[in-house]
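What the coordinates show
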Amino acid sequence: MLKFCPNLHFMYRELPFLDRFAAARADGFAAVEMTFPYDVPAPTIRDAADSAGVAIVEFNSPAGPIVTGVRRGLAAVPGHEAEYLDQILQGIAYARAFDCRLLLTLAGVVLAEADRPTAQRTFVSNLKIAAALCGEAGITLLIETNNLRDNPNYFLRRLDEVREVMALVGSPHLRAIFDFYHVQINEGDVSRRFAESLDLIAHIQLANPPDRNEPGAGELDFDHVFRLIAASGYAGWVGLEYFPKAGDTGASLGWMRERGFLPPKGAAL
């Protein structure tokens, strides 16, 4: 059976942040993920998760300044190495407080193609340090591609680039996220891309293009995707990083209950 966890910065946004943990548990989830939780003290978040009875399984390290409305990271941005190290250390501190083993780091934006070689050297150098620090803390550092429609000029665009960077870093503590939403937009052919990337993957995320909504509200056949994941032997969590189409998270979960991924509404947990 696939294991799903909602991202609490995409879902349950109709509720105050700390109330989302209990709401996720009430809907039948045993775990959650997040993006940037740093505006709330880590012990406060851990208390909310523990009170609700959910584990925190993945979240992002800090990602620097907001660029066109989105935090896109500093890991591949030359001249920000000291700031990036501070961000990783803060992410590790939160991960320890949460007893969370997966920490995503964002590469950042590279505006000119001519700047990519320098950005890659910076990225690899930063990741070697960050992955070593994460490894000492029992944490796996994650990288991922981001689609260029939502994230113009993002450094990591394709899975072959992820593979190249991971080979250059050469750390067992560095793995990848496979996000069906980003991969479909940037590369398409997600079935083949997923099969070819299994050796890289430590976490999966999904949403349905074109509008980043739930399965059933977009262009991907998620019954096929779920069969693909199940047949692959992947045993980790599948993060739901989608915006509920109608704005109501509970109303967006029908696809899960119909397929037996969640218990019926109101069932005893």
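All of the points below concern the structure found in this document. What you see is a predicted model, and the numbers here were worked out from it, not measured in a lab.

Reading the values: rules and limits
- Counting of residues starts from 1 at the beginning of each chain's written sequence and follows it residue by residue.
- In view of the model being predicted, local features appear only for residues whose pLDDT reaches at least 70, and side-chain atom pairs are presented and counted only at 80 or more, with totals across whole chains, interfaces and linings using the full set of residues.
- Based on all heavy atoms of the structure, the side-chain values leave hydrogens and waters out of the count.
- Runs of E in the DSSP output that reach at least two residues are strands. Runs of H or I that reach at least four are helices, and both are numbered from the N terminus.
- To get the radius of gyration, use the C-alpha atoms; to get the globule rule, take the number of residues to the power 0.38 and multiply by 2.2 Å.
- For every residue, the accessible area obtained with a 1.4 Å probe (protein chains only) is divided by the maximum for its type, and the residue is called buried under 20%, exposed over 50%, and partly exposed between those limits.
- Contacts between residues were defined by any pair of non-hydrogen atoms, one from each residue, lying within 4.5 Å.
- Areas reported here follow the Shrake-Rupley algorithm with a probe of radius 1.4 Å; residue values treat only the protein chains shown as occluding.
- When DSSP locates at least two bridges between a pair of strands, those strands are taken to pair.
- Fitting a line to C-alpha atoms yields each axis, with helices limited to the stretch in contact; the angle taken between N-to-C directions then spans 0 to 180 degrees.
- Any pair of nitrogen or oxygen atoms within 3.5 Å is treated as a polar contact; in protein, a donor-acceptor pairing is required on top of that, and neighbouring residues in sequence qualify only through side-chain atoms on both sides.
- Note that the term roughly parallel is reserved for angles under 35 degrees, roughly antiparallel for angles over 145, roughly perpendicular for angles of 65 to 115, and oblique for everything else.
- Handedness of a helix crossing follows the sense of rotation of the near helix relative to the far helix, less than a right angle counterclockwise being left-handed and clockwise being right-handed.
- A crossover counts as right-handed when, viewed with the strands pointing away from the observer, the path leading from the first strand over the helix to the second turns clockwise.

1. Looking at the overall build of the protein chain
From N to C terminus, the protein chain includes nine helices and 10 strands. For a compact globule of 269 residues, the expected C-alpha radius of gyration is about 18 Å, and the protein chain comes in at 18 Å, within 12% of that figure. Seen through its C-alpha atoms, the protein chain measures out along the principal axes to roughly 55 × 40 × 35 Å. In the protein chain, which comprises 269 residues, the proportion classed as buried is 54%. For the protein chain, long-range pairs separated by at least 24 residues make up 75% of all intrachain contacts whose partners lie at least 6 apart in sequence. Accessible surface, the protein chain: about 11,200 Å² in total, of which carbon and sulfur atoms supply 53%.

2. Description of the sheet that holds strand β8 (residues 174-179)
Across the sheet, which stays open at both edges, the eight strands sit in the order β1-β10-β9-β8-β7-β6-β3-β2 with parallel pairing between neighbours. Single-partner strands in this sheet number two, and they are β1 (3-6) and β2 (31-33). Neighbour-to-neighbour, the strand axes of this sheet turn through a mean angle of 30 degrees, independent of strand direction. Note: strand β3 (residues 55-60) against strand β6 (residues 102-104), two bridges, orientation parallel. Bridge assignment links Phe59 to a residue of β6, and that residue is Leu103. Relative to β3, helix α3 (residues 81-98) is tilted by about 170 degrees, and along the sheet it contacts β3, β6 and β7 (140-143). In the packing of helix α5 (residues 159-169) onto the sheet, contacts are made with β7 and β8, and the angle to β8 comes to roughly 170 degrees.

3. Some remarks on unusual backbone geometry
That bond from Pro209 to Pro210 is cis: its omega, 10 degrees, falls within 30 degrees of zero. One can find Pro210 in the loop between β9 (201-206) and α8 (222-232). Phi is positive for Asp99, which is not a glycine, with a value near 55 degrees. Mapped onto the elements, Asp99 comes out in the loop between α3 and β6.

4. Observations concerning the side chain of Glu241
Tracing the backbone through its elements, the reader meets Glu241 in the loop between β10 (237-240) and α9 (254-258). Classification of Glu241 by relative accessible area gives buried; the value is 6%. A distance of 2.7 Å separates the side chain of Glu241 from the side chain of Arg212, its partner in a polar contact.

5. Re the packing of helix α4 (residues 116-136) against α5
The relative placement of two packed helices comes down to the angle between their axes together with the axis-to-axis distance. Relative to each other, α4 and α5 sit at 55 degrees, their axes nearing to 9 Å. Classified by the angle between their axes, α4 and α5 sit oblique to one another. Where α4 crosses over α5, the handedness of that crossing is right-handed. Contact residues: Arg116, Gln120, Phe123, Val124, Leu127 and Lys128 in α4; Glu161, Glu164, Val165, Leu168 and Val169 in α5.

6. Some words on the pairing of β8
Of all six residues making up β8, five are buried, and the element is well covered by its neighbours. Examined bridge by bridge, β7 and β8 share three bridges and lie parallel to one another. When the bridges of β8 are listed, Ile143 appears paired with Ala176. Note on the crossover from β7 through α5 to β8: the handedness is right-handed. Note that β8 and β9 share four bridges and pair parallel.

Everything listed here is a matter of geometry and, on its own, says nothing about what the molecule does.
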